[in-house]
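Descriptive analysis of the structure
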Amino acid sequence: DIQMTQSPASLSASLGETVTIECRASEDIYNGLAWYQQKPGKSPQLLIYNANSLHTGVPSRFSGSGSGTQYSLKINSLQSEDVASYFCQQYYNYPLTFGSGTKLEIK
Amino acid sequence: QVTLKESGPGILQPSQTLSLTCSFSGFLLSASSVGVGWIRQPSGKGLEWLATIGWEDVKHYNPSLKSRLTISKDTSNNQVFLKITSVDTADTGTYYCAHSGDWDYFDYWGQGVMVTVSS
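Let us look at the structure shown here. Predicted model, so just to flag it, every value in this text is computed and none were measured.

Things to note about the interface of chain A and chain B
Listed as interface residues are 17 residues of chain A and, on the opposing side, 21 residues of chain B. Across the chain A/chain B interface, buried area totals approximately 1700 Å², and carbon plus sulfur atoms make up 66% of it. When residues of chain A are sorted by the area they lose upon contact with chain B, Tyr94(A), Leu96(A) and Phe98(A) head the list and together hold 34% of the total. Viewed at the interface, chain B and chain A are joined by 0 salt bridges. Only β4 (33-38), β5 (45-49) and β9 (84-90) of chain A provide two or more residues apiece to the side of chain A that touches chain B. A total of 3 residues in the side of chain A that touches chain B trace back to one element, the largest contributor, which is β4(A). Residues that form the side of chain A that touches chain B fall into these classes: 11 nonpolar, 5 polar and 1 charged.

Digging into the pattern of salt bridges
Side chains carrying opposite charge are able to pair once their charged atoms draw close together. Residue and element names in this part refer to chain B. The tally for this structure, following the rule as stated, stands at 5 salt bridges over all chains. With a closest N to O distance of 2.7 Å, aspartate 91 and arginine 40 form a salt bridge. Within this pair, whereas aspartate 91 is found in the loop between β8 (79-84) and β9 (93-100), its partner arginine 40 is found in strand β4 (residues 35-41), the two being separated by 51 residues in sequence. By the burial criterion, aspartate 91 is buried, and arginine 40 matches it. One salt bridge in this structure joins arginine 68 and aspartate 91, with 2.6 Å as the shortest N-O distance. Of this pair, arginine 68 sits in the loop between β6 (59-61) and β7 (69-74) while aspartate 91 sits in the loop between β8 and β9, placing them 23 residues apart in sequence. The network of salt bridges with common partners includes Arg40, Glu48, Arg68 and Asp91.

Some thoughts on the state of the cysteines
Applying the stated criterion to the full structure yields 2 disulfides over all chains. Across the disulfide, Cys23(A) is cross-linked to Cys88(A) (sulfur-sulfur distance 1.7 Å). Taking the sign of the torsion about the S-S bond as the criterion, the disulfide between Cys23(A) and Cys88(A), at about -60°, is left-handed. Here Cys88(A) lies in strand β9 and Cys23(A) lies in strand β3 (residues 19-25), a separation of 65 residues in the sequence. Using a relative accessible area of 1% as the deciding quantity, one classes Cys23(A) as buried. The exposure class assigned to Cys88(A) is buried, which follows from its relative accessible area of 0%. Through a disulfide, Cys22(B) is tied to Cys97(B); the S-S separation comes to 2.1 Å. Every disulfide takes its handedness from the sign of the S-S torsion; for Cys22(B) and Cys97(B) that torsion is 70°, giving right-handed.

Points about the packing of aromatic side chains
Per the counting criterion, the structure on display carries 10 aromatic pairs over all chains. Relative to Phe98(A), the ring of Tyr36(A) lies with its centre 6.1 Å away and its plane at 50°, an arrangement referred to as tilted. In this pair, Tyr36(A) is assigned in strand β4 and Phe98(A) in strand β10 (residues 97-98), connecting sequence segments 62 residues apart. Exposure remark for Tyr36(A): the relative accessible area of 0% places this residue in the buried category. Judged by relative accessible area, which is 10%, Phe98(A) ranks as buried. Ring centres of Phe62(A) and Tyr86(A) lie 6.4 Å apart, and the angle between their planes is 35°; this geometry places the pair in the tilted category. Placement of Phe62(A) in strand β7 (residues 62-67) and of Tyr86(A) in strand β9 is noted, with a sequence separation of 24 residues between them. With respect to burial, Phe62(A) and Tyr86(A) carry one shared label: buried. Among the aromatic residues, those joined into a cluster by ring pairs are Tyr36(A), Phe98(A), Tyr96(B), Phe106(B) and Trp109(B).

Reading guide: rules and limits
- Along each chain, the written sequence defines residue order, and numbers are assigned to residues from 1.
- Here the convention is simple: chains get letters from A, ligands get numbers from 1, in the order in which they are written.
- Residue-level local features of this predicted model are given only where pLDDT is at least 70; pairs of side-chain atoms are given and counted only at 80 or more, and the full residue set underlies all totals for whole chains, interfaces and linings.
- By convention in this description, side-chain values take in all heavy atoms of the structure and omit both hydrogens and water.
- When checking whether two residues touch, look at their non-hydrogen atoms; a contact exists if any pair is within 4.5 Å.
- A 1.4 Å probe defines the accessible area here, and the buried area is the portion of it lost by two parts on being joined, summed over both.
- Here a salt bridge means any side-chain nitrogen of Lys or Arg lying within 4 Å of a carboxyl oxygen belonging to Asp or Glu.
- For helices the rule is a DSSP run of H or I covering at least 4 residues; for strands it is a run of E covering at least 2, with both sets numbered from the N terminus onward.
- Residue type decides the class: Asp, Glu, Lys and Arg count as charged, Ala, Val, Leu, Ile, Met, Phe, Trp, Tyr, Cys and Pro as nonpolar, and the leftover types, Gly among them, as polar.
- Exposure classes here rest on a 1.4 Å probe applied to the protein chains alone. A residue is buried below 20% of its type maximum, exposed above 50%, and partly exposed in between.
- Throughout, a disulfide means two cysteine sulfur atoms within 2.5 Å of one another.
- Working definition: a ring pair exists when centres of Phe, Tyr or Trp rings (six-membered ring for Trp) sit within 6.5 Å. Plane angles under 30 degrees give stacked, over 60 give edge-to-face, the rest tilted.

Everything listed is a geometric property; what it means functionally is a separate question.
Structure follows, in structure tokens:
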């Protein structure tokens, strides 16, 4: 199985700040990576697929980058509505696996 | 507009079989490259992929639970089913179904259904 190591586990930042969340795969996943946002009490929502493609309707302050085994999600100009947990998922190979999540709070 | 909605028993006892239904609209599971997956989440914890069924009835299972899982579909009624046998308290959590397309990421999710295993 491909292990996804996500960091940090939690993050506190101020409004307007830029934050970055990282995911490291245990082997090359050839950009087969998605990022999801999950707000409290809600289902996950797709933000990014293919490591750097923005899903329809997602604000442009979200962006994804990376290659090989290292990937990141960047949120520019942090807004109050960005308070959520964020998860990465690899889909290069079965079984599909998720990172452990990052809980983002506002300072 | 793609929508998915999960339904299940709510509560069941250890050793019973959990039966979940995903009812969807806005897409056809007979269409090329379309799939529906099941993902679960214990309260306050992370996401675990369980199984996916594709348009050609190809099925993929998480090996950690494979012996207990069965995924199936009713294309004509736009439903996907998941059965988990011999449940125990570790199976308690929220179960989601979700749509996948050309690749196995999930672009549309249901609202989730809470399942509690308790004696």
